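Structural overview for review
Chain by chain, the residues:
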Amino acid sequence: MSSTELPGVRAATAAVAPKVAAVRVAEGEELRCVTLPGLTLNVRSRPPARSGLPHALYVHGLGGSSLNWSAMMPLLEDVVDGEALDLPGFGDSPPPDDGNYSLTGHARAVIRFLDAAGHGPVHLIGNSLGGAVSTRVAAVRPDLVRTLTLISPALPELRVQRSAVPTALLALPGVVSLFTKITKDWSAEQRTRGVLELCYGDPTRVTDEALRNAVEEMERRIQLPYFWDAMARSARGIVDAYTLGGQHGLWRQAERVLAPTLLVYGGRDQLVAYRMARKAAAAFRDSRLLTLPDAGHVAMMEYPETVALAIRELLDDCGGS
C-alpha cells in the first residue's frame, strides 16, 4: 500500500498505529494512505472505466470499513470514479490525533478529505453511521455533494428496535470492558457469524468465500489496540447525535439537504427500523425511496446489483455528473 500526501497538505506528525496484518484487497482494487494534519485515512479505489467520470465517495457504517463496498464498486465503475474511505479508527485508518469520534468529527474527516482532494461535488454514498455522517456533510457543505445515497442511515428514532439496543449500549461507560471479558474466548468465526446474523436479512446468502474473508478481517480487527475504543466512542457519537435538537439535529439537517437523495431501507433491518423509510422520504426534499423487503442493514452487500441499479437511475436523472 502506497502512502500519498495530497498536494499542499502537510503530513500528520503523529505516529500511526502499527499494522497487525495486511488488509485484504479485492481484485482490481487499489489502496492508498492519505495524510492530513492530525488525521490519516486509508482509501480504497478502483481505476475508473475511463477518464473524466464524476467522483463518488463511499462511507461505511459502525464497525465496518471500506471493504463493505467491494461488492458494489465494480458495478458502478463505468459511471463514477469511486473511492471508499475507512473512517478514523476503522478499517486501516488509525485513530484521529484528537480522539474525536463524534458524528461531527467523522463528518469533518470526510469534508477535509474532499476539500484536500478537490473532488467536489461528489456522489456521496453512506451506510448506517456513514449515512448519518453523509447527511451532515450534505447539509453543512452542499457544495461538496452532487447526489446523496443513504442505505439504512442511522437517523434518530424515538422507538429504537429491541435488536439494536445491544449496539447502543456500547456507548455506555464500562460496557465495552464487560463485553470484552464475556467474549474473550469467542473465536473470530463466532464473532463474525454474530455480526452477520445482526446485519444481514438472510445470512445464508453469504458465500463461503465471503465468510472466510470476513473472519480474516475480524481476526485482524480484534488485534488492533484501539478497535473497541473506536467502536464505543463512535457508538456514543451516534447516541449523542440522537439527542441533539435545533439546527444541529439530524432530522433538521436532513430537511436542509439540497442534493437529490436516494434512500434505501431493508425490511429485515435489525438496527434501523423499516418504518423510518416513510419519515426519511418526507424529510429529504428531493428524495426517492427503494425498499427491499428481504434485505437487512447492509443492502449494498446483500443486493449490490439492485442498489447499484437504483444509483445509476439517480445519476441518469441528474445528468450523470
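Look above for the structure.
Description of the structure in this document. (Residues numbered from 1 in each chain as written. Predicted model: local features only at pLDDT ≥ 70, side-chain atom pairs only at ≥ 80, totals over all residues. Heavy atoms only, no water.)

Some details on the overall build of the chain
Looking only at helices and strands, the chain features 11 helices and 9 strands. Across the 321 residues that make up the chain, the buried fraction comes to 52%. Counting only contacts in the chain whose residues sit at least 6 apart along the sequence, the fraction spanning at least 24 positions is 76%. Put simply, the chain shows about 14000 Å² of open surface, and 53% of that area lies on carbon and sulfur atoms. (Helix = DSSP H or I, 4+ residues; strand = E, 2+ residues; numbered from the N terminus. Buried < 20%, exposed > 50% of the residue type's maximum accessible area, 1.4 Å probe, protein only. Contact = heavy atoms within 4.5 Å. Areas by Shrake-Rupley, 256 points an atom, 1.4 Å probe, with all protein chains shown as cover.)

Observations concerning the packing of helix 5 (residues 188–199) against helix 6 (residues 208–221)
Contact pair helix 5 / helix 6: the axes reach a minimum separation of 9 Å and the direction vectors enclose 115°. Taken together, helix 5 and helix 6 sit at an angle that is classed as roughly perpendicular. As for how helix 5 packs across helix 6, the hand of that crossing is right-handed. Contact residues: Ala188, Glu189, Arg191, Thr192, Arg193, Val195 and Leu196 in helix 5; Leu211, Ala214, Val215, Met218 and Glu219 in helix 6. (Axes fitted to C-alpha atoms, helices over the stretch in contact; angles between N-to-C directions. Parallel < 35°, antiparallel > 145°, perpendicular 65-115°, else oblique. Left-handed = near helix turned anticlockwise from the far one by under 90°.)

Structural notes on the side chain of arginine 44
Following the sequence through the fold, arginine 44 ends up in strand 3 (residues 39–45). Classification of arginine 44 by relative accessible area gives buried; the value is 0%. Of the polar contacts made by the side chain of arginine 44, one reaches the backbone oxygen of arginine 24; its length is 3.0 Å. Among the polar contacts listed, one links the side chain of arginine 44 to the side chain of serine 66, at a separation of 2.9 Å. (Polar contact = N/O pair within 3.5 Å; in protein donor to acceptor, adjacent residues only side chain to side chain.)

As for the side chain of serine 152
Following the sequence through the fold, serine 152 ends up in the loop between strand 7 (145–151) and helix 3 (165–169). Looking at serine 152, the relative accessible area reads 1%, which means it is buried. Of note is the side chain of serine 152, whose polar atom sits 2.8 Å from the side chain of aspartate 269. Filtering out sequence-adjacent residues up to four positions away, serine 152 remains in contact with Asn127, Ser128, Val264, Gly266, Asp269, Val272, Gly296 and His297.

Observations regarding the packing of aromatic side chains
One pass over the structure, following the stated rule, counts 2 aromatic pairs. Considering the side-chain rings of tyrosine 58 and tryptophan 69, the 5.2 Å spacing of their centres and the 40° angle between planes classify their relative orientation as tilted. Taken together, the residues span a long stretch of sequence, with tyrosine 58 in strand 4 (residues 55–59) and tryptophan 69 in the loop between strand 4 and strand 5 (81–85) at a distance of 11 residues. Tryptophan 69 sits in the buried class, given a relative accessible area of 0%. (Phe/Tyr/Trp six-rings, centres within 6.5 Å; stacked < 30°, edge-to-face > 60°.)

Here's the deal with the pattern of salt bridges
By the definition in use, this model includes 14 salt bridges. In this structure, arginine 275 engages glutamate 157 in a salt bridge whose closest nitrogen and oxygen atoms are separated by 3.7 Å. You can see arginine 275 sitting in the loop between strand 8 (261–266) and helix 9 (276–283) and its partner glutamate 157 sitting in the loop between strand 7 and helix 3, a full 118 residues away along the chain. By relative accessible area, which is 8% here, glutamate 157 ends up buried. Residue arginine 233 is joined to aspartate 229 by a salt bridge in which the shortest nitrogen-to-oxygen separation is 2.8 Å. Placement of both arginine 233 and aspartate 229 in helix 7 (residues 227–243) is noted, with a separation of 4 residues, approximately one turn of the helix. Exposure remark for arginine 233: the relative accessible area of 37% places this residue in the partly exposed category. The exposure class of aspartate 229 is partly exposed, given its relative accessible area of 37%. Here the salt bridges share partners, and the residues they tie into one network are Asp92, Glu217, Arg220 and Arg221. (Salt bridge = Lys/Arg side-chain N within 4 Å of Asp/Glu carboxyl O.)

Here's the deal with the nonpolar core
Counting 53 residues, the largest nonpolar core has Leu57 and Phe284 as its most contacted members. Sorting elements by how many residues they give to this core places helix 1 (residues 103–117) first, with 7 residues. By size, the runner-up hydrophobic cluster in this structure holds 35 residues, among which are Met72, Cys199, Leu211 and Leu271. (Core = buried A, V, L, I, M, F, W, Y, C linked by side-chain atoms within 4.5 Å.)

Re the environment of glycine 267
Looking at the secondary structure, you find glycine 267 in the loop between strand 8 and helix 9. With relative accessibility at 34%, the residue glycine 267 sits in the partly exposed group. For the pair formed by glycine 267 and alanine 295, sequence separation is 28 residues and the distance between their alpha carbons is 5.8 Å. Contacts of glycine 267, omitting those with residues within four sequence positions, involve Tyr274, Leu292, Pro293 and Ala295.

Comments concerning unusual backbone geometry
Residue serine 128 is not a glycine yet carries a positive backbone phi of 55°. Locating serine 128 in the fold gives a position in the loop between strand 6 (122–127) and helix 2 (129–140).

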